[in-house]
Amino acid sequence: MEFGVQVNVYRTSSAQVLASVEAMEAGGWDSIWFADHFIPPRCTHEEEALTAFEGLSAIAFVAGMTKKLRLGNLVVGNTYRNPALLAKIAGTIDTLSEGRFTLAVGAGWYEREHEAYGWTFPSMKERQDRFEEACELIRLLIRSKDPVSFDGTYYRIDSARLSPASYGEPIPIMVGGTGPKRTLRTLAKFGDVMNLDGWAGGGMALEYYRYKAGILEQHCEDVGRDPAEIRRTLLMPCLLSEDKARTDDFISRFGPGTVAGSGQYVIDRIGEFADAGISEIMFGALPSGNVGLLQRFEEEVLSAFR
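The model shown is predicted, which means the values in this text are computed figures rather than measured ones. (Residues numbered from 1 in each chain as written. Predicted model: local features only at pLDDT ≥ 70, side-chain atom pairs only at ≥ 80, totals over all residues. Heavy atoms only, no water.)

**Points about the packing of aromatic side chains**
How two aromatic rings sit relative to each other is set out by the distance from centre to centre and by the angle between their planes. Applying the stated criterion across every chain yields a total of 12 aromatic pairs. With a centroid separation of 5.9 Å and an interplanar angle of 5°, the aromatic rings of Phe3 and Phe283 are classed as stacked. Of this pair, Phe3 sits in strand S1 (residues 2-6) while Phe283 sits in strand S12 (residues 280-284), and the two are 280 residues apart along the sequence. Geometrically, the ring pair formed by Trp109 and Tyr110 is stacked, given 5.0 Å between the ring centres and 20° between the ring planes. Note on Trp109: relative accessible area 41%, which makes it partly exposed. Judged by relative accessible area, Tyr110 falls into the buried class, the value being 7%. Taken together, the aromatic side chains of Phe3, Trp29, Phe283, Phe297 and Phe305 make up a single cluster linked through ring pairs. (Phe/Tyr/Trp six-rings, centres within 6.5 Å; stacked < 30°, edge-to-face > 60°. Helix = DSSP H or I, 4+ residues; strand = E, 2+ residues; numbered from the N terminus. Buried < 20%, exposed > 50% of the residue type's maximum accessible area, 1.4 Å probe, protein only.)

The structure is reproduced here in structure tokens:
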């Protein structure tokens, strides 16, 4: 089992973010992840003035100050950037970090930031159509040694070559989201990594993961893909505490099955997911800059799996 953290990059400071990065690089962590929004999600108009670091430039900066941590964003919104440009950015980060980047991308959902920045916010159907087409295009660019031409409904390129491309193995594509009809089918066709997002509702119950995994496996069968090729991961909001009032409140915020409790409880829950085939857990809800909390997770949880 590998472990990472989605380090908070909203309503925080550069000093706090960098303190988390330095502690994780020096500690026993495997990966670091930033979100990708241009204003803090679900904020008031007044709160839009608060910090929201741009995800890809921030993770590229972290690539230059680390040597071991794998890097990624949970997740990049497809509606913010042309997918060929996104592939170019991914190739640059992966090459300069010597193969440590995962390209995680989703269809996009936050209407207000599209409004704020003047971007079109299509219907759900069109966003899913665009997302599937973008994933196909990105996969072609990442994996082709020859120039790629693509003539889709929404995106077109003419003899484009990704250079620099992947440092070694092809950059993994994480398809963000677990929508049963479209997103998991897009993952089956074009993705390499599944991520069950505990922020998105549904909690973090093992039965919920198994339900989603079953749908993915059916899509894999339909499109002729071996489901074993797709790595399974979780983004897990987690509270390490023996205070029942705090843990009950945390669970009520994120849904049934949310992981909140003592170190042994968290270990037991992670063990269930490990037995079910999950290979990496990214913890969420750990405030940036709280080095002591990162160290506590290492000592009380990570150490049980090393």
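**Some words on the pairing of strand S6 (residues 148-151)**
Where burial is concerned, the two faces of S6 differ: the one with Val148 and Phe150 is buried and the one with Ser149 and Asp151 is not. In sequence, S6 turns back onto strand S7 (residues 156-160) through a hairpin of 4 residues. (Pairing = 2+ DSSP bridges.)

**Notes on the environment of Glu113**
Looking at the secondary structure, you find Glu113 in helix H4 (residues 111-117). By relative accessible area, Glu113 is classed as buried at 0%. Taking the C-alpha atoms as reference points, Glu113 and Glu48, separated by 65 residues in sequence, lie 9.5 Å from one another. In this structure Glu113 touches His37, Phe38, Ile39, Tyr80 and Trp119, once residues within four positions along its chain are discounted. (Contact = heavy atoms within 4.5 Å.)

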